[in-house]
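Observations on the three-dimensional arrangement
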Amino acid sequence: MAVTNDVIKRISKITGKPTFKTRAYLKAATDAVGQALSEGDKVTLEALGEFKLLRLPERQVKTNFAGKNQTIKLAATLTPDFELASALKGQLKTAAPTAAQSAGDSPDFRLGNLSTRGSDVQFIELTGKTIPKNLLSLVPEAIARKYQIVPFLLEGKTLSVAMTDPENEEAFNAIRKSSGKIIKPFLTTESEISPILDQYSSLTNELKDLVKSGDQEDETAAKTKKTEEDDNLTAGSPAAKIVSSLLKRSVREGASDIHIEPGDDEVVVRFRIDGVLRKILTLPKDVQPALTSRVKILANLKIDENRLPQDGRIQILLDAEKIDFRISTIPTVSGEKIVARVLAHAKGVMSFEDQGLRGRNLQVLEDNTKKAHGMTLVTGPTGSGKSTTLYAIINKIKSDGINIITMEDPVEYRMPGINQSQVNAKIGFTFATGLRSILRQDPDVVMVGEIRDRETADIAINAALTGHIVISSLHTNDSAGAIPRLLDMGIEPFLITSSTNAVIAQRLCRKICDQCRIETEVDPSVIATIKSDLEALPTADKQQAAKKNKFYKGQGCANCGNTGYKGRIGIFEIMAVDDKIKELTLKRATAGDLMNQARAEGMTTMRQDGILKALDGITTIEEVWRVTKE
């Protein structure tokens, strides 16, 4: 809360106090108000007004930049606000305007971060721009990422910066201090800023430099007879820096997994981004032992054990956010392979609509979330987004009036107000044993991360039968396959029909990059297959699909790493366990019979849902075929 020299001079003149005393008094006052606001309190000054925190929701801003009508999304933010006392408001309304104000040259009063004059900030497009390194260096990467700010132009002493929230005074102060320049703000979006943030550092060049520095240190170490083990244990060693860079860059680039794969002559590093592995870089073979040792040290694994698989965990703090990495090692003929699953706890829980649920699928799921008891199963292979859907269901039904307890392996999202527990097989705390304990905790809703065996299935079904809502995941290829899977586990058909409300099957398709999307032609043979699938849709969906006949793809650009894809969306099929499905279950019908019945009742299959999303330009038909092929 900055106080200008002009204000200090005016107060000094009115009070007769020296300016240095006025400045000191005002600083003490603003510090006290700032401290109170940071603790969530509000401050009332008698006859003056009230300082408080104002929560600005996520909001849409319409712009007309360069002749293009656009709607920009501003992120939700918390900002200080000041409300004048009623008596002062009356005085201001009756006060005559000065000559300058009458001429339209009124001062720009700022109440906290809000301007009474309104915003005259322009929108800037950054797509395809490359910012010189010397310009980026004016704003440190940590500050740029924290406040979503990037500099893009320096004219004299004026630095033009693009930011997602031009009203953030804290961000202004940070970049003024770091750059020493006059700041001119421009409005932009997160999707525009992300590629520029990635220009701060190139992972390949960064790691090459670390490897070179490691070679130099090895020579020095040899001269001083420093042991390799001591070097690996040192946080400042090249191996430690390489591991740190890999962990941070995986999060920056939105990877879900890191693969460190030893070969005969080199070590290959790959990131899984949007569900597909991408080769990031190769490292010299002689880096492998130090790299493996460093990961094991961080994950609390046995350094000298390289014959057996090991599992561990690493946690880092990145941009004030805790990130967990679930580490798995396995011996191969060329050394130990390491895979790290990236778990960002602070990542927001997605809504049903954001996941890609719509139409009948959305209606069936929402209807089932309103039921007082019963079990909902989410099926699909590893990495198909089952956990995200489970959390979305929990988020939909949670309230202060119900007790929700989860059993997970691992806990992927931290949700306030939810009692989350993590299994630990090493000490015998499995899904089955944990679930028994949960049922003694007076739950209303129970989430079981995965039903893996008959014991867990028995307890989950009994919980659903005794008045609890149970949600869990199961590894099957489609929704109809869940019931035969439970039958194979030894669950009686009448227990399945009495307890199960719905079965959700899903996959994740890569979304077309919205920066480089273009129309494309599809092979006639593929068109024939598409028409056959669409013909089996329910009437309403078929009529809607008939109005569209175009398909799209991404050309590849800097925004999507030249892949043509950016982000992922779910394709779904949801089978409601109604009377006809229950009859077939009691007869121990096959998955094929159950699927035919569900489709006859209007269920949209995953493939059909994917084709509809391809017609809407969300994904490509090739991507739909990739994730739904038998």
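Structure first, text after, so check above.
Residues numbered from 1 in each chain as written. Predicted model: local features only at pLDDT ≥ 70, side-chain atom pairs only at ≥ 80, totals over all residues. Heavy atoms only, no water.

Okay, unusual backbone geometry next. Only a minority of non-glycine residues have a phi that is not negative, and only a minority of peptide bonds are not trans. One non-glycine residue with positive phi stands out, namely Asp274, at about 55 degrees. Counting through the fold element by element, Asp274 comes out in the loop between strand 12 (266-273) and strand 13 (276-284). For Asp274, a relative accessible area of 14% corresponds to the buried category. You will see that Asn300, though not glycine, has its phi angle at about 60 degrees, which is positive. Along the polypeptide, Asn300 turns up in the loop between helix 12 (288-298) and strand 14 (310-318). Accessibility expressed as a relative area gives 69% for Asn300, which makes it exposed. (Helix = DSSP H or I, 4+ residues; strand = E, 2+ residues; numbered from the N terminus. Buried < 20%, exposed > 50% of the residue type's maximum accessible area, 1.4 Å probe, protein only.)

Bringing the packing of helix 14 (residues 359-369) against helix 15 (residues 386-397) into the picture now. As a packed pair, helix 14 and helix 15 sit with axes 10 Å apart at the nearest point and diverge in direction by 55 degrees. As far as their axial angle goes, helix 15 and helix 14 are oblique. Crossing of helix 14 against helix 15: the hand is right-handed. Between helix 14, through Leu365, Glu366 and Thr369, and helix 15, the contact on the second element is made entirely by Ile393, Lys396 and Ile397. The class makeup of the residues in the contact of helix 14 with helix 15 is three nonpolar, one polar and two charged. (Axes fitted to C-alpha atoms, helices over the stretch in contact; angles between N-to-C directions. Parallel < 35°, antiparallel > 145°, perpendicular 65-115°, else oblique. Left-handed = near helix turned anticlockwise from the far one by under 90°. Contact = heavy atoms within 4.5 Å. Nonpolar A, V, L, I, M, F, W, Y, C, P; charged D, E, K, R; others polar.)

Moving on, we get to the pairing of strand 8 (residues 149-155). In this structure, strand 8 lies alongside strand 9 (residues 158-163), joined through six bridges in antiparallel fashion. Counted as the bridge partner of Leu153 is Ser160 from strand 9. In textbook terms, the turn of a hairpin is the stretch between consecutive antiparallel strands, and for strand 8 and strand 9 this stretch comprises two residues, one of which, Gly156, has a positive phi near 65 degrees. (Pairing = 2+ DSSP bridges.)

With that settled, the discussion passes to the environment of Phe172. On the secondary structure map, Phe172 appears in helix 7 (residues 169-179). On the basis of relative accessibility, which here comes to 7%, the residue Phe172 falls in the buried class. As a C-alpha pair, Phe172 and Val161 span 11 residues in sequence and 9.9 Å in three-dimensional space. Other than its neighbours up to four places away in sequence, Phe172 contacts Met163, Pro166, Ile183 and Pro185.

Right, let's get into the packing of helix 22 (residues 579-586) against helix 23 (residues 591-600). One can describe the packing of helix 22 onto helix 23 by two numbers: an axis separation of 10 Å at closest approach and a directional angle of 170 degrees. Regarding the angle of helix 22 to helix 23, the classification is roughly antiparallel. Of the residues in helix 23, those in contact with Lys580, Ile581, Leu584 and Thr585 of helix 22 are Asp593, Leu594, Gln597 and Ala598. The residue makeup of the contact of helix 22 with helix 23, split by class, is four nonpolar, two polar and two charged.

Spatial ordering of the open sheet is given by 13-12-11-16-15-14, a layout of six strands whose pairing is antiparallel. Edge positions in the sheet fall to strand 13 and strand 14, since each has one partner strand and no second. Across this sheet, the average inter-strand angle for adjacent strands is 20 degrees, counted without regard to direction. Relative to strand 16 (residues 335-344), strand 11 (residues 255-262) runs antiparallel, the two sharing four bridges. For His259, the partnering residue across the bridge sits in strand 16 and is Val339. Of the strands in this sheet, strand 11, strand 12, strand 13, strand 14, strand 15 (321-332) and strand 16 touch helix 11 (residues 238-252), which is tilted by about 75 degrees from strand 14. Against the sheet, helix 12 contacts strand 11, strand 12, strand 13, strand 14, strand 15 and strand 16, and its axis sits at roughly 45 degrees relative to strand 16.

In an α-helix, one full turn covers 3.6 residues, which means residues spaced three or four apart are oriented alike. Over its 12 residues, helix 15 extends 17 Å from the first C-alpha to the last, a length consistent with the 16 Å expected when each residue adds 1.5 Å. Of all 12 residues in helix 15, nine are buried, a share of seventy percent or more. Regarding helix 15, the residues found buried are Lys386, Thr388, Thr389, Leu390, Tyr391, Ala392, Ile393, Ile394 and Ile397. (Expected span 1.5 Å × (residues − 1).)

As a further point, take the side chain of Lys386. Looking at the secondary structure, you find Lys386 in helix 15. Of the side chains with opposite charge, Glu450 lies nearest to the buried Lys386, which makes no salt bridge, at 6.6 Å. Within the structure, Lys386 has its side chain in polar contact with the backbone oxygen of Gly380 (distance 3.1 Å). Here the side chain of Lys386 touches Pro381 through a polar contact of 2.9 Å, landing on its backbone oxygen. Not counting the four nearest positions on each side in its chain, Lys386 is found in contact with Val378, Thr379, Gly380, Pro381, Ser473, Leu474, His475 and Gln506. (Lys, Arg positive; Asp, Glu negative; His and termini not counted. Salt bridge = Lys/Arg side-chain N within 4 Å of Asp/Glu carboxyl O. Polar contact = N/O pair within 3.5 Å; in protein donor to acceptor, adjacent residues only side chain to side chain.)

Once that is clear, we can look at the sheet that holds strand 17 (residues 374-379). Taken in spatial order, the seven strands make up an open sheet running 19-18-20-21-17-22-25, and their pairing is mixed. The sheet terminates laterally at strand 19 (419-422) and strand 25 (565-576), the two strands that pair on one side only. Geometrically, the sheet is characterised by an average inter-axis angle of 20 degrees between neighbouring strands, direction not taken into account. Its contacts with the sheet place helix 15 against strand 17, strand 18 (404-408), strand 19, strand 20 (445-448), strand 21 (469-474), strand 22 (500-512) and strand 25, and it is angled at close to 170 degrees to strand 21. On the sheet, helix 16 (residues 431-438) packs against strand 18 and strand 20 and is oriented at approximately 170 degrees with respect to strand 18.

Everything listed is a geometric property; what it means functionally is a separate question.
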